[in-house]
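Given next are the chains, with one letter for each unit.
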Number of protein chains: 2
Amino acid sequence: MNFCSDCGHKLILAIPAGDLRERHICNQCSRIHYENPKLVVGVIAHWQDQVLLCRRGIEPQKGLWCLPAGFMENGESSDEGAMREAEEETRAQLEIESLYAVYNLPHINQTYMYYLAKLITPKVEAGLETLEAQLFKQHEIPWSQLAYPSIAAALQQFFIDQKRGQFPLIHETINSQANLLGNAS
Amino acid sequence: MNFCSDCGHKLILAIPAGDLRERHICNQCSRIHYENPKLVVGVIAHWQDQVLLCRRGIEPQKGLWCLPAGFMENGESSDEGAMREAEEETRAQLEIESLYAVYNLPHINQTYMYYLAKLITPKVEAGLETLEAQLFKQHEIPWSQLAYPSIAAALQQFFIDQKRGQFPLIHETINSQANLLGNAS
């Protein structure tokens, strides 16, 4: 961040009065440009004993499998965003059930919220930025081709919880990519 | 948003290739400037039958009572952010227990996450940007002087849940300030 998005003036880095952190500040128009984490919203969408995955058509991690998810947009709620992402990426028609997992990834300034969702029909197809959309039983999951370790962790917990019929909220902080790789067997 | 924060060039509004929404785009350096919702993190911190509130020392809603909360910062997890905000605003020492409430406020592009937290000591005091910090029993809460309707809603539910000893996750979308005012009796 070099220039003020309001007035175009060069920015400086300084701690504003009453603050504790360095911010990008415009000395011309006085605006302080805060940078904050982004919310990524997605679904673990199920149909009987299958879950919905999609294969990424764009970088990063192009060609690897993902839960439908993406950046929450202004003007929507987190559950609306999760449903929109699923629709965009897999054309899925679904009902959001409950918030299931919160993953903090502070090293990349992202917080993930995954919702449990029930598919209304098993008909899915590749949407925007997606190569394939497909339903998988547990033993069919392409564990070694998942895009992110948090996806493996969430899926493994989902199948455990589905067997016992209880879905307590998952809440974890993942400090680096390596953190959960051991689980993604 | 008028100027590119990278190169300082004037921005245009257009829908990027493969996107569905208008974004601020720089025609000089090609950067797309996305704008996304912000996460606000806070606590419902309790000591026996009391909860912790603080009176705002800054606008908006200066002089009104709030749960300790603020914008999540880069590099932290949501629960760390909630604890940091409580410490900054009330000097509270506390232990985070669980995520208790998610409020989406799409009209102002914010998502709130409130954590249940146990105070380690009842000693609190006004911190940065705060006029007073105080513990309140249910009948002592200044209901008519709460800064936001989501605070009244969260507090009312907390006292109900505390009586029955169960704290199921609250998940609501508040579409305008008026939405929950009826509850804030």
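Reading the values: the criteria
- Residues numbered from 1 in each chain as written.
- Chains lettered and ligands numbered in written order.
- Predicted model: local features only at pLDDT ≥ 70, side-chain atom pairs only at ≥ 80, totals over all residues.
- Heavy atoms only, no water.
- Salt bridge = Lys/Arg side-chain N within 4 Å of Asp/Glu carboxyl O.
- Buried < 20%, exposed > 50% of the residue type's maximum accessible area, 1.4 Å probe, protein only.
- Helix = DSSP H or I, 4+ residues; strand = E, 2+ residues; numbered from the N terminus.
- Expected span 1.5 Å × (residues − 1).
- Pairing = 2+ DSSP bridges.
- Contact = heavy atoms within 4.5 Å.
- Disulfide = S-S within 2.5 Å.
- Least-squares fit on C-alpha atoms with pLDDT ≥ 70 in both.

The name given to chain A in an unreviewed UniProt entry is ADP-ribose pyrophosphatase YjhB (NUDIX family), and the organism recorded there is Pseudoteredinibacter isoporae.

1. Concerning the pattern of salt bridges
In total, this model carries 26 salt bridges over all chains according to the counting rule given. Here B:Glu87 and B:Arg91 are joined by a salt bridge, their closest N and O atoms 3.9 Å apart. For B:Arg91, a relative accessible area of 34% gives the class partly exposed. What emerges from the salt-bridge pattern is a single network uniting A:Asp19, A:Arg21, A:Arg23, B:Glu73, B:Glu76, B:Arg84, B:Glu85 and B:Glu88.

2. Thoughts on helix α1 (residues 78-90) of chain B
Residues and elements named next belong to chain B. With 13 residues, α1 extends 18 Å between its outermost C-alpha atoms, agreeing within 8% with the 18 Å of an ideal straight helix rising 1.5 Å per residue. Burial analysis of α1 places ten of its 13 residues in the buried class, which makes it a mostly covered element. Listed in full, the buried residues belonging to α1 are Ser-78, Asp-79, Gly-81, Ala-82, Arg-84, Glu-85, Ala-86, Glu-88, Glu-89 and Thr-90. Positive backbone phi, approximately 60°, marks Arg-91, located one or two places after α1.

3. Overview of the sheet that holds strand β1 (residues 11-14) of chain A
Residues and elements named next belong to chain A. Here three strands make up an open sheet; going across it, the order is β1-β2-β3 and the pairing antiparallel. At either end of the open sheet lies a strand with only one pairing partner, and these are β1 and β3 (32-33). For strand β2 (residues 23-26) and β3, the ladder comprises two bridges, and the chain directions are antiparallel. Counterpart to Ile-25 in the pairing with β3 is Ile-32.

4. Comments concerning the side chain of A:Ser77
One can find A:Ser77 in the loop between β7 (69-71) and α1 (78-90). The exposure class assigned to A:Ser77 is buried, which follows from its relative accessible area of 1%. Ignoring anything within four residues of it in the chain, the contact list for A:Ser77 reads A:Met72, B:Asn104, B:Pro106 and B:Thr173.

5. Here we look at unusual backbone geometry
Across the junction of A:Glu59 and A:Pro60, the peptide omega takes the value -5°, indicating a cis bond. Along the polypeptide, A:Pro60 turns up in the loop between β5 (50-56) and β6 (65-66). Residues other than glycine seldom take positive phi values, yet B:Gln48 does so here, at roughly 55°. The topology assignment puts B:Gln48 in the loop between β4 (38-47) and β5 (50-56). Backbone geometry places B:Asn109, a non-glycine residue, at a positive phi of 55°. Assessed through its relative accessible area of 25%, B:Asn109 is described here as partly exposed.

6. Re the state of the cysteines
All told, the structure shown has zero disulfides over all chains when counted by the stated rule. Cysteine A:Cys7 is unpaired, with the sulfur of A:Cys26 as its nearest cysteine sulfur at 3.5 Å.

7. Focus: the relation of the copies chain A and chain B
One copy of the chain maps onto the second through a rotation about an axis and a displacement along it. Superposing chain A onto chain B requires a rotation of 180° together with a translation of 0.0 Å along the rotation axis, leaving an RMSD of 0.0 Å. Given the turn and translation reported, the copies of this chain are related as if by a two-fold rotation axis. In this assembly, 100% of the residues forming the interface of chain A have copies in chain B that are likewise at the interface, indicating an isologous arrangement.

8. A look at the pairing of strand β4 (residues 38-47) of chain A
Residue and element names in this part refer to chain A. Of all ten residues in β4, eight are buried, a share of seventy percent or more. Two strands pair when backbone bridges link them, and β4 and β7 are joined in this way by three bridges, in the antiparallel orientation. Residue pairing for β7: Val-41 is matched across the bridge by Gly-70. Counted between consecutive antiparallel strands, the loop separating β4 from β5 contains two residues, among which Gln-48 sits at a positive phi close to 55°.

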